[in-house]
Amino acid sequence: HINSIVFLLLFIMLSYYLCSFIVLIMFFSLPAVNAVWPMPQLISSSTDRYPLSPRQFIFQYASGSSAKSGCSVIDSAFKRYFPLIFVDYLKKTEKHMYRTFSMQPMLNVYASIHLSFPFSVVDKLSVSSGQASLRAKTVWGALRGNKTIHIRHYFVNKTEIDDFPRFKFRGLLLDTSRHYLPLPAILKTLDAMSYNKFNVFHWHIVDDPSFPYQSSTFPGLSSKGAFHPSTHVYSQTDVSRVISHARLRGIRVLPEFDSPGHTQSWGKGQPGLLTSCYKGSVPSGTFGPVNPAMSSSYQFISRLFKEVASVFPDPYIHLGGDEVDFTCWKSNPEVRGFMQKMGFGTDYTKLESYYMENIINLTKTLNKTSIVWQDVFDNHEKIPEETVLHIWKGSPAQIQQELSDITLAGYRVILSAPWYINHIAYGQDWTTYYNVQPLNFTGSEQQKSLVIGGEVCMWGEYVDATNLSPRLWPRASAAAERLWSDEKTTSSVTDAFPRLTDFRCRLLRRGIQAEPLFVGHCRHEYEGI
């Protein structure tokens, strides 16, 4: 029997419901330094170790706390953390034994904080003889700080950690149009995101192939545009569940409704929305992007986005704006007539600009800030200064130039181009994602401060629920560390490999089907035999 040693884990944070608190946690542990992923900003650890007993692990709030149980973010976190920390113990113990562990929340109220963009976290973790303390400025900092802790054979090392994210925006995109992803697959991905300290779920919910979002205002969009009107849709209850699941893990949900291109599925349930393509002087029976010459198009978008704004509480919305094919617009006599009326001549980028400017202004009336793909900037469109640009394409040199140009114009930017991990290659391609240098471009410090973060993209042409997790993890973990950790202290792929290998095994033990990095095995495969 391992002797019981009490460790004090002190949380000081602000919560979503005006709850901030000081929490005592007894019998906690910290892993060896080489197991931490993403790497903290500052970490020091000694060989001093202290044994602990999971049988006497309890959560207990400080006696002087003014707020009480009811802070949903931390209450739910308490319930999740024990099985994450003591994985082996629960496997060897009857399920009813978990219920014998005491959880007694006590909270201190200081001020309010909301899960909105941008938000950052700062936490300090100290483990020494007799106590471990975690101090965080926000509830989200406490959540991230807890991810840094896990047990290793019921021992804890003496450790000091000072941590905060390098970038405020650390996103992951899932495409649920090209293949429908069942709700459990999305929720499991959110769990894995939280283990990797990602904080934005970019939900590319609709696109050309299907429209699975179930709109209450326009039910025909999903009933006619989804792969199946009943089984392959996301009801508003489903969306609410995703948002709630994400929020409790410190993750924002950023919806994307991409237009005027990528809208073929929209037209099935909304006749007259898309541009009718012509072959000569007669309609060809095919359709192109949203028709920007029709006032009804903007009326439809306005009503749809009003609903979207109420369903998705995040203050940001992704409007897309990429890969607009002008061929159909050029063939349509009504569109050509509108071009002449507006004085656009034959420059169809001006027509696209007209559409995007209207849509961006519309989102402003809904108190939403727009995020758009880089095409909107590249086509010299008039963009409000608060708009965020999202880089998705280009060679390394072109990406550097795009970063320079966008930030010189004063816009904030998100980088995704180097992290399209739906592209696969034989071998350890995670190293490519790990070696990305987001701020390696010509520009002032002020320009570089406008790079608010990056995003891993998993497009769905060849991905569904059967291969989503192993294709994502641990390859996305490489980008997670680049976005969280100090680049100078995490520049070595050789040093990162054993930590990522260990972290991949930890993901497996937590139920995430992460693929192997190379030849080898996980220790838990034979422990207990």
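In case you missed it, the structure is sitting above this.
All values derive from a computational prediction rather than experimental measurement.

Visitor: Hey, could you run me through helix α17 (residues 475-484) in this one?
Guide: Each full turn of the α-helix corresponds to 3.6 residues, which orients residues three or four apart in the same direction. Burial analysis of α17 places ten of its ten residues in the buried class, the great majority of the element. Regarding α17, the residues found buried are R475, A476, S477, A478, A479, A480, E481, R482, L483 and W484.

Visitor: Honestly, the nonpolar core in this entry has me stumped. Any pointers?
Guide: Grouped burial of nonpolar side chains is what soluble globular proteins tend to show. Counting 95 residues, the largest nonpolar core has F201, W203, F257, F312 and W473 as its most contacted members. Considering each element in turn, this core owes the most residues, eight residues, to helix α4 (residues 183-195). Each of two domains, domain 1 (42-163) and domain 2 (258-386), supplies a minimum of three residues to this core. For W203, the contacting residues outside a window of four places in its chain are L174, T176, I186, Y234, V239, V242, V253, L254, P255, E256 and F312. If you look at the next biggest cluster of nonpolar residues, it comprises nine residues, including V324, F326, F344 and Y348.

Visitor: So what exactly am I meant to see when it comes to the pattern of salt bridges here?
Guide: Close approach of charged atoms lets side chains of opposite charge pair. Across all of its chains, the model carries twelve salt bridges by this definition. Salt-bridge contacts for E461 lead to R178; the nearest nitrogen and oxygen are separated by 3.4 Å. Here the residue E461 occupies a position in the loop between β20 (451-458) and α16 (468-472), and R178 occupies one in the loop between β11 (169-175) and α4, the gap between them amounting to 283 residues. Its relative accessible area of 40% is what places E461 among the partly exposed residues. A salt bridge links R499 to E481, with the nearest nitrogen and oxygen atoms 2.6 Å apart. Pair noted here: R499 is in helix α18 (residues 493-509) and E481 is in helix α17, with a separation of 18 residues, a long-range link.

Each value, and the rule that gives it
- Residues numbered from 1 in each chain as written.
- Predicted model: local features only at pLDDT ≥ 70, side-chain atom pairs only at ≥ 80, totals over all residues.
- Heavy atoms only, no water.
- Buried < 20%, exposed > 50% of the residue type's maximum accessible area, 1.4 Å probe, protein only.
- Helix = DSSP H or I, 4+ residues; strand = E, 2+ residues; numbered from the N terminus.
- Core = buried A, V, L, I, M, F, W, Y, C linked by side-chain atoms within 4.5 Å.
- Domains from an automatic or database assignment.
- Contact = heavy atoms within 4.5 Å.
- Salt bridge = Lys/Arg side-chain N within 4 Å of Asp/Glu carboxyl O.

Treat this as a map of the structure, not an account of what it does.
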